[in-house]
Amino acid sequence: MKIDILKKTDIDSSVQTQISELFKQLGGNKKQIGLNELLDEKNQISLAYCSENNEIIGIALMCTYNVISGKKGWIEDVVVNINHRGKGIGRKMMNKLLEVGSEKELSEILLFTEDHRTPAINLYSDLGFKVKESRIYTRKTK
């Protein structure tokens, strides 16, 4: 099992297809953008992935940005292939992103998860994330 950060030079059609199929396991009708666009140097994204036997079985992404209140990270799109859940893969990918956050000297890392995702909530709590008393608002523009 390998946990690493995906680089633009790692992208080929197989990687694109595997990540696209894995992303679909998040459910819903979420639109995907291509990996080349995602990993553009102007886009501050770290994509942690887990592979085993040349198959990508998990992904977790963190964008980083600077605002007046500090350097921050936002974690999204954490998913482990349904056939590989319960093996600690999500924890390993999250730890990889937390390492990136430490290297970038982030002051805060935020994430959002839905209330029904109990295993994810337990993982995030174990990693030291706390529920923040705030509201998240969304406005679709497309």
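Summarised in this report is the structure supplied together with it. Given the structure is predicted, the values throughout are model-derived calculations rather than measurements.

## Digging into the sheet that holds strand S2 (residues 45-52)
With mixed pairing, five strands are arranged side by side in an open sheet as S1-S2-S3-S4-S5. Of all strands in the sheet, those bounded by a partner on one side alone are strand S1 (2-5) and strand S5 (108-111). Along the sheet, successive strands turn relative to each other by an average axial angle of 20°, direction set aside. Alignment of S2 against strand S3 (residues 55-67), held across eight bridges, turns out to be antiparallel. Each bridged residue has a counterpart across the sheet, and for Cys 50 the counterpart in S3 is Gly 58.

## Regarding the pairing of S2
With six of eight residues buried, S2 lies mostly within the body of the structure. Judged from the four bridges that link them, S1 and S2 form a sheet pairing that is antiparallel. When the sheet's bridge partners are listed, Ile 5 is paired in S2 with Ala 48. With antiparallel pairing between neighbouring strands as the criterion, S2 and S3 make up a hairpin whose turn holds two residues, including Asn 53 at a positive phi of roughly 55°.

Conventions adopted
- Residues numbered from 1 in each chain as written.
- Predicted model: local features only at pLDDT ≥ 70, side-chain atom pairs only at ≥ 80, totals over all residues.
- Heavy atoms only, no water.
- Pairing = 2+ DSSP bridges.
- Helix = DSSP H or I, 4+ residues; strand = E, 2+ residues; numbered from the N terminus.
- Axes fitted to C-alpha atoms, helices over the stretch in contact; angles between N-to-C directions.
- Buried < 20%, exposed > 50% of the residue type's maximum accessible area, 1.4 Å probe, protein only.

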